[in-house]
Amino acid sequence: MTLRYLRYADVADAASGAARPGARILGGGTLLVRDINMGDVSFDTLIRIEDPATTAIDNVPGGAISLGGGVTMARVVSEPALAWLAPAALSVGGPAVRAMATVAGNLHAPAPYGDFATALLALDAKVVLHDETALIDLPIQDFLAHRRALHARHPIRAVRFHAPPGHSFRFRKVSRTRVKGLAVMTLAIVLPTDADGLIRGARIACGALAETPVRIVGAEAALEGRSLTPDSIEAAIAASVGEINPVDDAIASAWYRRAVFPVHLRRMLAGDAA
Amino acid sequence: MSKVAVHFDLNGKARSEFVDGGATLLDLLRTRIGDMSPKAGCLQGSCGCCTVLIDGEPRLACITLAEDVQGREVETARGLPDGAGRLHPLQQAFIDGFATQCGFCTPGMLMAAKALLNRKPNPTRADVIDAISGNFCRCTGYAPIIDAILAAAEAGRAA
């Protein structure tokens, strides 16, 4: 099928273009062009956003980092200031996929994809997108909750987040093959501590354990005000029961994911090597 | 819908082709131009056997739109031998090291390796493993391929 391919130099114009019936926003193409190859005829127009703002990496007032929606995983890996985030970008495909896959595309990637989005969820990112009328900032949880129903046609200009203090960011992708395997699950954790070494504001995000990456708020609450000890870790694991809703897919059954989730969460919290 | 003109360099030579909207670079290379070195494998960006270089970076031709190579330099395995027909050091190393069996993955492996050696002429074994981590081989078990890429790098240092 022949598709119309429209390019826009401005996010606002792209939002207008994307509102057309049959339009889909193209990121790196790793999922959408695959769909074309697989015979998806549900769209007839591709929208390419060429706004320089979508490929920028900036420090914004207030100390936040802004990653343009069109920034590739390879670019994140090569950015020295983002070395702490590189493991999340490196978990996405091989070098060729990373040279193509974008931040915005990953935010829309269905499970078991979306490893980088899981990291962004743990970082409590804001998604800056253009809806029908204006640029808006959305908490990433709100974006993920409504990404298919409300935001599929909204171009993502950038994501913003604060770098976590010290070494408080942890990321692990669990897959059947060490390189380029799809996720059995992805875990991203931020564990800030106060001056007394007690955890304040833990954020635990999991990918491939539901339709979208999810926060495990029960486990987060169980860690609040405590230090990481065997007891607090077990309390967090106990509190996480019932908070995940894994899916069956070709990589793993929901049963398997549910069974091994506590093992990997325990290892992550304990700081064990993968 | 009308076709779109795409102007680009392919293996150092200027090309101009008309493509349909939504056509992939793999379609363009194999069907219109007749460069059969990038293979049509999974068509999902998973197997890596369609790997080409675009402006020196590894890309998957099966999930790259043809219109996106407008004004860019594309390299395929067909362009690896020099003008006199001599094989590229990587190709020779693959032959010498028995790094190919059925051969279907080989063009993609070569281009992924070329991207690595362009960027890092003295790679470690870990660098090589990462560089071909997006390329499947179902014959060799990978070790001969990794060894061949390291041998080609070594040959490059000796040259």
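Residues numbered from 1 in each chain as written. Chains lettered and ligands numbered in written order. Predicted model: local features only at pLDDT ≥ 70, side-chain atom pairs only at ≥ 80, totals over all residues. Heavy atoms only, no water.

A. Here's a closer look at the packing of helix 2 (residues 89–96) of chain B against helix 3 (residues 106–119) of chain B. Residue and element names in this part refer to chain B. For the pair helix 2 and helix 3, the least separation of the axes is 10 Å and the interaxial angle reads 125°. Of the possible angle classes, the one that applies to helix 2 and helix 3 is oblique. Considering only the axes of helix 2 and helix 3, their crossing is right-handed. On helix 3, the residues touching Leu90, Gln91 and Phe94 of helix 2 are Thr106, Met109, Leu110, Ala113, Lys114 and Leu117. Here the residues of the contact of helix 2 with helix 3 sort into 6 nonpolar, 2 polar and 1 charged. (Axes fitted to C-alpha atoms, helices over the stretch in contact; angles between N-to-C directions. Helix = DSSP H or I, 4+ residues; strand = E, 2+ residues; numbered from the N terminus. Parallel < 35°, antiparallel > 145°, perpendicular 65-115°, else oblique. Left-handed = near helix turned anticlockwise from the far one by under 90°. Contact = heavy atoms within 4.5 Å. Nonpolar A, V, L, I, M, F, W, Y, C, P; charged D, E, K, R; others polar.)

B. Spotlight on the sheet that holds strand 1 (residues 4–8) of chain A. All names here are of chain A. Pairing within the open sheet is parallel, and its 3 strands lie in the order 1-3-2. Looking at strand neighbours, the two that pair on one side only are strand 1 and strand 2 (23–26), the edges of this open sheet. Geometrically, the sheet is characterised by an average inter-axis angle of 30° between neighbouring strands, direction not taken into account. Taken together, the 5 bridges between strand 1 and strand 3 (residues 45–49) define a ladder with parallel strand orientation. Paired with Leu6 across the strands is Ile47, a residue of strand 3. (Pairing = 2+ DSSP bridges.)

C. View of the nonpolar core. Residues and elements named next belong to chain A. The biggest cluster of nonpolar side chains holds 69 residues, and the ones touching the most others in it are Leu85, Leu107 and Phe116. The element that contributes the greatest number of residues to this core is helix 7 (residues 115–122), accounting for 6 residues. Leaving out residues up to four positions away in the same chain, Phe116 has contacts with Leu67, Met73, Val76, Leu85, Ala88, Ala89, Val92, Val103 and Asn106. Among the nonpolar cores identified, the runner-up in size contains 28 residues, and Ile199, Ala219, Ala222 and Ile251 belong to it. (Core = buried A, V, L, I, M, F, W, Y, C linked by side-chain atoms within 4.5 Å. Buried < 20%, exposed > 50% of the residue type's maximum accessible area, 1.4 Å probe, protein only.)

D. Main features of the confidence of the model for chain B. Mean pLDDT over chain B stands at 95; residues scoring 70 or higher make up 97%. Across the whole predicted complex the pTM is 0.94, and at the interface the ipTM reaches 0.93. (pLDDT = per-residue confidence, 0-100.)

E. Here's a closer look at the sheet that holds strand 1 (residues 4–10) of chain B. Residue and element names in this part refer to chain B. Strand order in the open sheet formed by 5 strands is 2-1-5-3-4, with mixed pairing between adjacent strands. Looking along the sheet, the strands with just one partner apiece sit at the ends: strand 2 (13–19) and strand 4 (57–60). Across the sheet, the mean angle separating the axes of adjacent strands is 40° when strand polarity is ignored. Pairing analysis gives 4 bridges linking strand 3 (residues 51–54) to strand 4, with the strands arranged antiparallel. Residue Thr51 lies in a different strand from strand 4, and its bridge partner there is Leu60. Packed on one face of the sheet, helix 1 (residues 25–33) meets strand 1, strand 2, strand 3 and strand 5 (73–75) and runs near 100° to strand 2. On top of the sheet, helix 3 reaches strand 3, strand 4 and strand 5; it is set at about 35° to strand 3, its chief contact.

F. Quick peek at the pairing of strand 3 of chain B. Because side chains alternate across strand 3 of chain B, one face comprises the buried residues Thr51 and Leu53 of chain B, and the other comprises Val52 and Ile54 of chain B, equally buried. If you look at the hairpin formed by strand 3 of chain B and strand 4 of chain B, you'll find 2 residues sitting between the two strands, and Asp55 of chain B has a positive phi there, around 50°.

G. Broad picture of the interface of chain B and chain A. Counting from both sides, the interface comprises 24 residues of chain B and, opposite them, 26 residues of chain A. Remark: the boundary between chain B and chain A carries 3 salt bridges. In this structure, the salt-bridge partner of Arg48 of chain A is Asp68 of chain B, at a minimum N-O distance of 2.5 Å. Our count for the chain B to chain A interface comes out at 8 residue pairs in polar contact (both at pLDDT 80 or more). (Salt bridge = Lys/Arg side-chain N within 4 Å of Asp/Glu carboxyl O. Polar contact = N/O pair within 3.5 Å; in protein donor to acceptor, adjacent residues only side chain to side chain.)

H. Quick peek at unusual backbone geometry. The residue after Ala111 of chain A, namely Pro112 of chain A, is reached through a cis peptide bond having omega 10°. With respect to the helices and strands, Pro112 of chain A occurs in the loop between helix 6 (103–108) and helix 7. With a phi angle near 50°, Asp55 of chain B is a residue other than glycine that sits in the positive phi range. Within the secondary structure layout, Asp55 of chain B lies in the loop between strand 3 and strand 4.

I. Summary view of helix 3 of chain B. Residues and elements named next belong to chain B. Compared with the 20 Å implied by 1.5 Å per residue over 14 residues, the 20 Å span of helix 3 between its first and last C-alpha is a close match. Within helix 3, 12 of the 14 residues are buried, leaving the element largely enclosed by the surrounding structure. Among the residues of helix 3, those classed as buried are Thr106, Pro107, Gly108, Met109, Leu110, Met111, Ala112, Ala113, Lys114, Ala115, Leu116 and Leu117. (Expected span 1.5 Å × (residues − 1).)

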